[in-house]
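# Residue-level structure breakdown
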Amino acid sequence: MKKATGLYSVILGLGIIALWVMMLLANNVPELVDEPITIYFHLCAEGIMGLSLIISGIFLLTNQKRGDVLYLISSGMVIYSVINSAGYYGNNGDWAMVGFFVAVLAITTIFAFRIIKYKTD
């Protein structure tokens, strides 16, 4: 259970960071021109979320003490981010991305509840 959550967390964290790197390298972030301060803060939040997911995933995979708590914090960041991102893409009519974010929301929430259940058993 913890291993699957840890693996998911590492993959999601790496994916978030990779996505932003690719978008930045492809000059596919118009907000850098339109709203630079807003996007810099957003990139900082996304980077912290990605790193938190990677660290919590490694902690879970290696059975370190605080992996479950850090995953719950990281998953809270993900839940907020995917709801916010779904709104952004929905506003732009990109329903495939909305569906993707809903799937990430569901998977992240399921793993979070499983961690909570594991801690209370």
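Here the structure is shown first, and the text comes after it.
For clarity, every value in this text was computed on a predicted model and none was experimentally measured.

Analysis parameters
- All residue numbers here refer to positions counted from 1 along the written sequence of the relevant chain.
- Predicted model: local features are reported for residues with pLDDT of at least 70 only, side-chain atom pairs are reported and counted for 80 or more only, and whole-chain, interface and lining totals are derived from all residues.
- Based on all heavy atoms of the structure, the side-chain values leave hydrogens and waters out of the count.
- Put simply, DSSP marks the helices as runs of H or I at least four residues long and the strands as runs of E at least two long, and each gets a number from the N terminus on.
- Each residue is assigned to one of three classes by its accessible area relative to the maximum for its type, calculated with a 1.4 Å probe on protein chains only: buried under 20%, partly exposed between the two thresholds, exposed over 50%.
- We call two residues contacting when some pair of their heavy atoms lies within 4.5 Å.
- Axis angles are defined between N-to-C directions and span 0 to 180 degrees, where every axis is a line fitted to C-alpha atoms and, for a helix, only to the segment in contact.
- Note: crossing handedness is left-handed where the near helix turns anticlockwise from the far helix by less than a right angle, and right-handed where it turns clockwise.
- Put simply, Ala, Val, Leu, Ile, Met, Phe, Trp, Tyr, Cys and Pro go in the nonpolar bin, Asp, Glu, Lys and Arg in the charged bin, and everything else, Gly too, in the polar bin.
- One less than the residue count of a helix, multiplied by 1.5 Å, gives the span that helix is expected to have.

What follows deals with the environment of Phe-59. As for its placement among the helices and strands, Phe-59 is situated in helix α3 (residues 36-61). The class for Phe-59 is partly exposed, based on a relative accessible area of 25%. Excluding residues that lie within four positions of it along the chain, Phe-59 makes contacts with Gln-64, Arg-66 and Gly-67.

Once that is clear, we can look at the environment of Phe-100. Along the chain, Phe-100 turns up in helix α5 (residues 95-120). Phe-100 gets classed as partly exposed once you look at its relative accessible area, which sits at 46%. Linking Phe-100 and Gly-50, residues 50 residues apart in sequence, is a C-alpha distance of 17 Å.

In contact at an axis separation of 8 Å, α3 and helix α4 (residues 67-91) are set at 145° when each is read in the N-to-C sense. At the point where α3 passes α4, the crossing takes the left-handed sense. When α3 is examined against α4, the residues Glu-46, Ile-48, Met-49, Ser-52, Leu-53, Ile-55, Ser-56, Phe-59 and Leu-60 are found in contact with a partner set consisting of Gly-67, Asp-68, Leu-70, Tyr-71, Ser-74, Met-77, Val-78 and Ser-81. Tallied by class, the residues present in the contact of α3 with α4 amount to ten nonpolar, five polar and two charged.

Once that is clear, we can look at α4. For α4, built from 25 residues, the straight-helix expectation of 36 Å at 1.5 Å per residue is met to within 8% by its first-to-last C-alpha distance of 35 Å. Residues of α4 that are buried include every one of Gly-67, Asp-68, Tyr-71, Ser-74, Ser-75, Val-78, Ser-81, Val-82, Ser-85, Ala-86, Tyr-89 and Gly-90, and no others. Phi turns positive one or two residues past the end of α4, at Gly-93, with a value near 75°.

We now examine unusual backbone geometry. For Asn-27, which is not glycine, the phi torsion reads 55° and is therefore positive. For Asn-27, the location among the structural elements is in the loop between α1 (2-25) and α2 (31-34). Asn-27 gets classed as exposed once you look at its relative accessible area, which sits at 69%. The residue Asn-63 is not glycine, and still its phi comes out positive at about 55°. Mapped onto the fold, Asn-63 is located in the loop between α3 and α4. The exposure class assigned to Asn-63 is exposed, which follows from its relative accessible area of 56%.

Honestly, that's just the spatial picture; any functional story needs more than this.
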